[in-house]
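Below are the chains, spelled out letter by letter.
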Amino acid sequence: MKFLLAGIIFSASPLNAQVGVNCAVIDCPSNFMPQPVPPSAAARLKVLSALADIKIAEIGENDAADDLEKRAKQIKTELAENIPWYKPWAIITDDAIKAAELSDPEYLRRMVKHQSAVATNYKAHNEAVLEASKAFQLFPPVTDFTGDPRASGGANMVAKPWLPHYSRHEKRDAITGQWRKRNSGELAKEQSDNAVVGGGVKAAYTRGNGVMEFYDQAFASPENLAILIYHETSHWVDIAGKSGGFTLKDPPSVSFRTEQHAYERAAQFAVQLGGDPTPHLKMAAQFRIQAYECETKNLTWPQVILIPRWIGKDRSGSLALVPAESEISPGHEALLQKKFTEAGAKAAAQARKQVEIDKKEHDERLRNALAELAQRYCTDPGSMSQAELDALPKSYNSDFYLGKIPPGLSTDCVNLYLFLGMGERNAETLRSMSARPAAAQPIKPSAPLPSGLIPPSGAIEVHPRPGEVGLPEIAHLYGIARRACVPNPAVTDQDMASVDWTEFQKAKNVERVVDKMSPCERRVFMRLLELGRAWTPGTVIGADAVREAAAEPGSGARFGGGSVPPTPDHDPVWGKISPIIRR
């Protein structure tokens, strides 16, 4: 059973992020459900345009059908007029009518036109299903369980691949036994029969082999179509989790439980779209009650059919227990499957790309926020509160605070900003770091500061003097020197490439910072200072400089925990310039 939601105003809020799908679908079916979102205005407009194309295609098909019917009546009239006057009892057989039609060029022309209009109508409906699937991101994480060990059937999986499509298999004619559309009287009766849960008509159908069919009533609005696709996908996932699909051998409670779950999921999606979940919740509650009664009383289908006012008692709900062949041809089905697979992959890639963009934007906002906090705390440590620090969001990238420091941040506040970026959230610790006045003349550092280069405690304090610039780069080089002289150093060429040597060369009177350094640190720092002043654009200063400068005099290189004996052409203190500065 399905309900049309035309007239509901929908708006926005995405479902939770998709979790892993490594478990079996029978154990965690929710993990295999799509994670839809409200569409953008442009995407929704595409769905509306597709729905408009359906109306145009239906008009074309109806006109073609009328023309064909008119010619058929003309042919029948002509046959009747050609009966001899002396055979008034002659009967025009159906075979004679068909033979006359197939030999009539005008009838054949109109028949081809009608068939083409029918194909166009089918195409328009399926394009709308595809556009809705893309706009609302309704592609499940797995669209084909054939041979997938996570499906309970494994290689013998019965369910066909995920392929929602338009169909006219809405009702089996009692006389001809053929599937056909429902007429207006049947639709009105169906609406009345389902009044117990608010009324409604069947707009979609999932068969026991996983074939998902969507009927004319499904295409009332973009949101209506999207919720129906989501609902039927719930049945498709349940079928994938049950080896052999659903059959008449299953107790009624199985069918009722799958309907309950589908309507509960549809209600959640309706809430995400800003719509009314009440019709779905009513249906879910009704099926829950029926499933519970079937389970507790061990009811069979013959017993259920005798219960008055029970929805789904004729087994013609959204989940069909008897598989039926799809109306579309195998070739058309393969084409649709290809289009849905390609569209699903494209939509998933776009979704992943948008997630990465959102994460970067989040980290950029956090970096600017930390810079503002660092400047304020550095200027006014008393304004710092633990509650404000605890409320700071987490970043997606551990190095989000590196790179170019946000402009306007005073030099003396850079370290405070770095500690905030590294995750320090203790107010007392940060107050002790910011207990000095901010620099009078803020500068705009331009160099990236790699993670961990400035140690979390005991960092050298570099206060500017008149005329001194480039201090962040001096602190940067000191951080490299500190890391080069620890038991397990890890300075790389990438660390060296992150130094802005152009900014560094502006520094003046910076040798005074070596007073608090150890001999090893002083040796590395002075070597980098020398190389930096000799640097020219186009040259690269690599980590070799740090390796050789960190080597203790007379004992070989200590960098990286190894030992390299000194050679006659190897200066143990400064090293050689040739392997360090290279074009």
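My aim in this report is to walk through the structure given alongside it, one point at a time. (Residues numbered from 1 in each chain as written. Predicted model: local features only at pLDDT ≥ 70, side-chain atom pairs only at ≥ 80, totals over all residues. Heavy atoms only, no water.)

1. Topic: the nonpolar core
Phe145, Phe214, Phe219, Leu225, Ile229, Phe269 and Phe340 are the most contacted members of the largest nonpolar core, which totals 50 residues. Per-element tally for this core: the top contributor is helix H5 (residues 222–240), with nine residues. Counting residues in each nonpolar core, the second largest holds 24 residues, with Ala481, Cys485, Val491 and Met517 among its members. (Core = buried A, V, L, I, M, F, W, Y, C linked by side-chain atoms within 4.5 Å. Buried < 20%, exposed > 50% of the residue type's maximum accessible area, 1.4 Å probe, protein only. Helix = DSSP H or I, 4+ residues; strand = E, 2+ residues; numbered from the N terminus.)

2. Looking at the sheet that holds strand E1 (residues 165–166)
If you walk across this open sheet you meet the three strands as E1-E5-E4, and the pairing is mixed. With one partner strand each, in any of the chains shown, E1 and strand E4 (204–206) form the two edges of the open sheet. As paired strands, E1 and strand E5 (residues 212–214) are joined by two bridges and run parallel to one another. The residue bridging Tyr166 from the neighbouring strand is Phe214, located in E5. Where H5 meets the sheet, its contacts fall on E4 and E5, and the angle it forms with E5 comes to roughly 160°. (Pairing = 2+ DSSP bridges. Contact = heavy atoms within 4.5 Å. Axes fitted to C-alpha atoms, helices over the stretch in contact; angles between N-to-C directions.)

3. Regarding the pattern of salt bridges
For the structure shown, the criterion picks out 17 salt bridges. Between Lys338 and Glu342 there is a salt bridge, with its nearest N and O atoms 2.5 Å apart. Taken together, the residues Lys338 and Glu342, both in helix H9 (residues 330–379) and four residues apart, mark about one turn of the helix. Glu342 gets classed as partly exposed once you look at its relative accessible area, which sits at 44%. For the salt bridge of Arg367 with Glu364, the shortest nitrogen-to-oxygen distance reads 2.9 Å. With Arg367 and Glu364 both in helix H9 and three residues apart, this pair spans about one turn of that helix. Judged by its relative accessible area of 14%, Arg367 falls in the buried class. Among the residues examined, Glu364 registers a relative accessible area of 35% and is labelled partly exposed. Because the salt bridges share partners, they merge into one network encompassing Arg71, Glu78 and Asp104. (Salt bridge = Lys/Arg side-chain N within 4 Å of Asp/Glu carboxyl O.)

4. Remarks on the state of the cysteines
A covalent bond between the sulfur atoms of two cysteines is what we call a disulfide. Within the structure shown, the criterion is met by one disulfide. With a sulfur-sulfur separation of 2.4 Å, Cys378 is cross-linked through a disulfide to Cys413. The sign of the -90° torsion about the S-S bond sets the Cys378-Cys413 disulfide as left-handed. With Cys378 in helix H9 and Cys413 in the loop between helix H10 (386–390) and helix H11 (414–421), this residue pair connects regions lying 35 residues apart in the sequence. Summarising the burial analysis for this pair, Cys378 and Cys413 share the class buried. (Disulfide = S-S within 2.5 Å.)

5. Quick word on the packing of H5 against helix H6 (residues 252–272)
The axes of two packed helices give the description: the angle between them and the distance between them. Packing of H5 against H6 brings their axes to within 9 Å, and their N-to-C directions diverge by 145°. Here the hand of the crossing between H5 and H6 comes out right-handed. Residues Ala226, Ile227, Tyr230, His231, Ser234, His235 and Asp238 of H5 form the contact with H6, whose participating residues are Thr258, Glu259, His261, Ala262, Tyr263, Arg265, Ala266, Phe269 and Ala270. Class assignment for the residues of the contact of H5 with H6 results in eight nonpolar, five polar and three charged. (Left-handed = near helix turned anticlockwise from the far one by under 90°. Nonpolar A, V, L, I, M, F, W, Y, C, P; charged D, E, K, R; others polar.)

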